[in-house]
Amino acid sequence: ILKSGGPGLQVSKDGDIANWVDVPYIPNAFIINLGDLMQRWTNDKWVSTLHRVVIPPKDGQDHRRQSLAFFANINGDAEVVPIHTCVDEKHPSKYGKITAKEHLMSKHLASMGIEE
């Protein structure tokens, strides 16, 4: 994410009860949001982040903000298992094999309240 020059992007890593924290603005920097599939691939070494964009009031007035999202996905039939460098005796694999399509569909269904 190429962050705008003002506040608005927030993250939370507290699980069930969100504790939103403002992401600081760093000039000429990108913010990388990792998704759940990357978390699975890295065996939780890198975690996906719950995030949101809020419109902070300016001078007591509401302002508009526009965000565009782009998602890149791997081939649906690609098998996803934790990367071997992220698994060892101290960090056993937390995830079994799944295809990228199965993972993506389970996320879409869960977002609609449909559990498999």
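Residues numbered from 1 in each chain as written. Predicted model: local features only at pLDDT ≥ 70, side-chain atom pairs only at ≥ 80, totals over all residues. Heavy atoms only, no water.

K.L.:
Could you give me a rundown of helix α2 (residues 100-111), with the residues and numbers involved?
P.N.:
Because each turn of an α-helix spans 3.6 residues, side chains separated by three or four positions end up pointing in the same direction. The terminal C-alpha atoms of α2 lie 17 Å apart, and with 12 residues this matches the ideal 16 Å at 1.5 Å per residue to within 8%. The positive-phi residue at the C-terminal boundary of α2 is Gly113, with phi of around 80 degrees. (Helix = DSSP H or I, 4+ residues; strand = E, 2+ residues; numbered from the N terminus. Expected span 1.5 Å × (residues − 1).)

K.L.:
Residues and numbers for the confidence of the model for the protein, please.
P.N.:
On average, residues of the protein carry a pLDDT of 84, and 84% of them reach 70 or more. Within the protein, no element has a lower average pLDDT than strand β3 (residues 50-53), which sits at 86, and none a higher one than strand β5 (residues 98-99), at 96. (pLDDT = per-residue confidence, 0-100.)

K.L.:
Describe the sheet that holds strand β2 (residues 21-22), listing the residues and the values that go with them.
P.N.:
Paired through backbone hydrogen bonds, the strands of a sheet run either parallel or antiparallel to each other. Ordered in space as β2-β1-β3, the three strands form an open sheet in which the pairing is antiparallel. Two strands in the sheet have a free side with no partner beyond their single neighbour: β2 and β3. (Pairing = 2+ DSSP bridges.)

K.L.:
Which residues make up unusual backbone geometry, and what values go with them?
P.N.:
Phi at Asn43 takes a positive value of approximately 55 degrees, unusual for a residue other than glycine. Summarising the element assignment, Asn43 is placed in the loop between α1 (36-41) and β3. Positive phi, close to 70 degrees, is recorded for Asp44, a residue that is not glycine. With respect to the secondary-structure elements, Asp44 resides in the loop between α1 and β3. Given the relative accessible area of 24%, Asp44 is considered partly exposed. (Buried < 20%, exposed > 50% of the residue type's maximum accessible area, 1.4 Å probe, protein only.)

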